[in-house]
Amino acid sequence: GQLDVLDIAVLVLILLATGAYFTKGSLWAVEEKEDRYKNGFGNESSSLSADARNVVAALEENGKDVIIFYGSQTGTAEDYATRISKEASQKYGLATMTADIEDYDFENLDKVPSDKVIVFVMATYGEGEPTDNAVQFWEFINDEDVEFSEDSSLKNLKYVVFGLGNSTYEHYNLIGRSLDKKLQSLGAHRIGPYGEGDDGAGSMEEDYLAWKEELFPTWQKEEGLEEHEAVYEPVLEIVDSEDSGDSVFLGEFNKAQLQGVVKGPFSVSNPYAAPVAAAREMFNSPDRNCIHMEFDISDSGLKYNTGDHLALLAQNSDDEVTKFLKIFGLEDKRNSVIDVKTLDSTAKVPFPTPTTYDAVIRYHLEINGHVSRQLLSSIAPFAPSEDAKKTAMRLGSSKEEFASKIAQKYYNLAKALDVISEGVAWKNVPFSFIVESVNHLIPRYYSISSSSKENPSTISITAVVESIQADKESDYVLKGVATNYILDVKNGLDGKRKACTYQIEGPRNSLEGKKIPMFVRHSNFKLPSNPQKPIIMIGPGTGVAPFRAFVHERATLAAKGTPIGPALLFFGCRSSKEDFLYEEEWTQYSKDTPDDLIKYLEDEGRSPLTESSFLKLETAFSRETSQKVYVQHRLKEHAKLVNKLLKSGAFFYVCGDAQRMARDVQSTLIDIISEQRSISRSKAEDVVKNMRTQNLYQEDVW
Ligand code: FAD
């Protein structure tokens, strides 16, 4: 959520927060907070930081009717919050603001006047957890000792909740659902239906649209609001700037970077430009690419642990930037310098300024991403002709037509508008509208495929290049933003760049020498602390990335004389000739592995495993047999071994596709446990649940 905010205001906030963190115990003592908990709420704290975090004050000082909080991890919840804010303001003239839920305290939720409305847009993350920015709020709202007002109720509070979740996970939308229940139980008044969206079914956008179509009329009735004809009211103002030269941001992330200063800590607003030390193609295929890329972090001070993620800050391709400029008639202004101002005290400028149209489009907007039906409706008034306007309106209101003519063709915004207006430029669309409506480019994450024990100063990733040609008749191809960027950098290293080029030398050549902006995100996906514990790893496709790291780590330990436990790896792909990742590496760790690992495990007097004997690899090549074989089938075939390893304390890991694979694997494991231990399926389900709570079952899925 907070990820895509890069403006100075946020930097200041980060500085303040960092300051506050280091002064914890003196300035905003933890104890003081605990005292406030004990005394119940209502005692207004006099400290400045508490005031800035006061919801009631924020609403009143900014003259707002509605505040929309987001608990966001990747930015989606934040985007929906912004959309609700805009729609409520344009439809009913309500004064609205959005806010990161992390930036506020909620002790005085009972003091929110009844003419205000609070909207919560809350994503559920991982195993039913709140997003990082909502952890504090979540703990507070679930604290049994919290008492609101005399009768401990929130009867004045008017609210509504939209949850974002993924139904392939067990705790689907847990945060949204429980928040709604909790607020209901505290007597708060919900002004519309509870809503939720499902990323797992791929219906998030349509779920949101269906919900808000119900919400707004109910809200209108409840509050007696008057509906206006929705007109676009800008929140940002784009003005020509007098600035030129060194003070203009051409894609640099912050002021220090603009001045050429490289200094950590590295994050989304201050990534490290890491030199690419090596890159190689992993597939043997005429039309598919997978790249193993190594980043040199030796000069960065960055540290990582095996199992962490690398976050990569991508940019848009030359071709897509040009098409985007062209469809809005901005080509001539590409390098004009602009300033962006906020017209609302609570709005934020989402990138550093002054800057140029090219830099905004290339480095800050998700121009290649999904087009939403709602965007087509709201952009329609700016269409270049009556016909284009009608078509945009129609596509915006018809779910079916939109699906067949835009979504299923994977059109991005430039392509969709080009088709709607039959090639005529949309010159009337204000640039502020574009910046406010198009999502911000967010980092792409990759499971690190190197071991920090083996290689503390090199990070490698393993990425499949996304390229989708939905309609074979048309020459339109949707190119994944980050992976084609990686491919272009790799081609650059090889000295033969092809189509789909990027500004790989970066703004002011700051990425010259093949550097890519990145930072490390720590994860909980970790090897057992005891290296003797057996591990079972399920990693089809690029899901094998972190397991390469795990295997390398164990081999490194073994080479140093540390006793290690056995590792069982299930890998799947199309064919042994085309996309068998790291084929040559696995053999060296499994050279002397006993064929019958079960017998070996049963033999008390066995000799210890070595770096050439600890791995057993099982493969599933889906296109080599008449019946498709997947990793879960292989897992089933090895039921006895799997159960044996689990009985001796094995950790079970799954990485890769969240949509189906992870669920199928879990279901297969439940079958195995049920059969091998002669227990009911529901008992076996409990065993797996327990494994999860004890971290013996870990997932890294996307
Ligand atoms: P994007 O541009 O983001 O497109 C991705 C997909 O979105 C497209 O293929 C398409 O299905 C859809 N899409 C985009 N635009 C449109 C449109 N206009 N219309 C319709 N559909 C559209 N990937 C790896 O290869 N290896 C890893 O080890 C790995 N680890 C990961 C770990 C984590 C924790 C997470 C969250 C993800 C991981 N991923 C990994 C996935 C990776 O982050 C990227 O999502 C992936 O590489 C695609 O990025 P991209 O920018 O190239 O594609």
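Residues numbered from 1 in each chain as written. Predicted model: local features only at pLDDT ≥ 70, side-chain atom pairs only at ≥ 80, totals over all residues. Heavy atoms only, no water.

Another aspect to go through is the site of the ligand. The environment of the ligand is made up of 25 residues, and the closest members are Tyr 445, Tyr 446, Glu 466, Ala 482 and Thr 483. Within the backbone of Gly 369, an N or O atom sits 2.9 Å from a nitrogen atom of the ligand. Contacts to the ligand include Glu 466, whose side-chain N or O atom sits 2.6 Å from an oxygen atom. For the ligand, the accessible surface in isolation is 970 Å², of which the surrounding protein chains cover 81%. If you list the elements that add at least two residues to the shell around the ligand, you get β14 (444–447), β15 (458–464) and α17 (481–493). It is β14 that provides the largest number of residues to the shell around the ligand, a total of 4 residues. Counting the residues that make up the shell around the ligand, at least three belong to each of domain 2 (235–369 + 439–523) and domain 3 (370–428). (Near = heavy atom within 4 Å. Polar contact = N/O pair within 3.5 Å; in protein donor to acceptor, adjacent residues only side chain to side chain. Areas by Shrake-Rupley, 256 points an atom, 1.4 Å probe, with all protein chains shown as cover. Helix = DSSP H or I, 4+ residues; strand = E, 2+ residues; numbered from the N terminus. Domains from an automatic or database assignment.)

Okay, the layout of surface pockets next. Volume-wise, the second largest pocket comes out at about 730 Å³. In terms of lining residues, the second largest pocket is bounded by 33 residues, among which Asp 319, Glu 320, Lys 323, Val 477 and Lys 479 are the most central. Mapped onto the lining of the second largest pocket, the elements with two or more residues apiece are α10 (318–327), α15 (413–420) and α17. Here the lining of the second largest pocket gets 6 residues from one element, more than from any other, and that element is α17. (1 Å grid on protein atoms, 1.4 Å probe; cavity = no way out; pocket = protein on both sides within 12 Å on 5 of 7 lines; lining within 4 Å. Points joined across faces, edges and corners; volume = space filled by probe spheres on them.)

Here we take up the pattern of salt bridges. In total, this model carries 38 salt bridges according to the counting rule given. The residue Asp 579 makes a salt bridge to Arg 288 at a minimum N-O spacing of 3.1 Å. Within this pair, whereas Asp 579 is found in the loop between β20 (567–573) and α19 (583–590), its partner Arg 288 is found in the loop between β9 (272–281) and β10 (290–296), the two being separated by 291 residues in sequence. Salt-bridge contacts for Arg 394 lead to Glu 401; the nearest nitrogen and oxygen are separated by 2.9 Å. With a relative accessible area of 17%, Glu 401 lands in the buried category. Connected through shared salt-bridge partners, Glu 87, Lys 91, Lys 212 and Glu 213 make up one network. (Salt bridge = Lys/Arg side-chain N within 4 Å of Asp/Glu carboxyl O. Buried < 20%, exposed > 50% of the residue type's maximum accessible area, 1.4 Å probe, protein only.)

Before going further, it helps to spend a moment on the pairing of strand β3 (residues 117–125). Counting buried residues in β3 gives 8 out of 9 residues, a clear majority hidden from the surface. When strand β1 (residues 66–71) meets β3, the two strands line up parallel, connected through 6 bridges. When the bridges of β3 are listed, Ile 67 appears paired with Ile 118. Bridge count for β3 against strand β5 (residues 158–165) is 6 bridges, and the pairing is parallel. (Pairing = 2+ DSSP bridges.)

This part is about the domain arrangement of the chain. Split by domain assignment, the chain resolves into domain 1 (2–223), domain 2 (235–369 + 439–523), domain 3 (370–428) and domain 4 (535–701). Taken residue by residue, the interface counts 7 residues in domain 1 and 7 residues in domain 4. Both sides together, the interface formed by domain 1 and domain 4 hides about 570 Å², and carbon and sulfur atoms give 36% of it. Its largest share of buried area at the contact with domain 4, domain 1 owes to Thr 168, Tyr 169 and Glu 170, together 67% of the area lost on that side. (Contact = heavy atoms within 4.5 Å. Buried area = accessible area lost by both parts, 1.4 Å probe.)

With that out of the way, let us pick up α19. Those residues of α19 lying buried are Glu 585, Trp 586 and Tyr 589. Seen from one end, α19 has its buried residues packed into an arc of 95°, which puts them on one side. In this structure, the buried residues of α19 make contact with β9, α18 (545–559), β20 and β21 (615–621). (Arc of directions from axis to C-beta.)

The buried count for strand β22 (residues 651–656) comes to 6 of 6 residues, which makes it a mostly enclosed element. Note that strand β19 (residues 535–538) and β22 share 4 bridges and pair parallel. Within β22, the residue paired with Ile 538 across the bridge is Val 654. Taken together, the 5 bridges between β22 and strand β23 (residues 697–701) define a ladder with parallel strand orientation. In the sheet register, Gly 656 faces β23, and the bridge partner there is Val 701.

The sheet built from 3 strands is open, its strands ordered β8-β12-β13 with antiparallel pairing. Looking along the sheet, the strands with just one partner apiece sit at the ends: β8 (236–240) and β13 (355–356). Here 5 bridges tie β8 to strand β12 (residues 337–342), and the two strands are oriented antiparallel to one another. Each bridged residue has a counterpart across the sheet, and for Val 239 the counterpart in β12 is Asp 339.

What helix α22 (residues 639–647) keeps buried is the set Ala 639, Leu 641, Val 642, Asn 643, Leu 645 and Leu 646. Just beyond α22, the residue with positive phi is Gly 649, at close to 90°.

Our focus in this paragraph is the packing of helix α23 (residues 661–676) against helix α24 (residues 681–693). The interhelical angle for the contact between α23 and α24, taken along N-to-C directions, is 120°, at an axis separation of 8 Å. Accordingly, the angle class assigned to the pair α23 and α24 is oblique. Considering the relative orientation of α23 and α24, their crossing is right-handed. The residues of α24 that touch α23, namely those facing Gln 666, Ser 667, Leu 669, Ile 670, Asp 671, Ile 673 and Ser 674, are Arg 681, Ala 684, Glu 685, Val 687, Val 688, Met 691 and Arg 692. For the contact of α23 with α24, a count of residues per class yields 7 nonpolar, 3 polar and 4 charged. (Axes fitted to C-alpha atoms, helices over the stretch in contact; angles between N-to-C directions. Parallel < 35°, antiparallel > 145°, perpendicular 65-115°, else oblique. Left-handed = near helix turned anticlockwise from the far one by under 90°. Nonpolar A, V, L, I, M, F, W, Y, C, P; charged D, E, K, R; others polar.)

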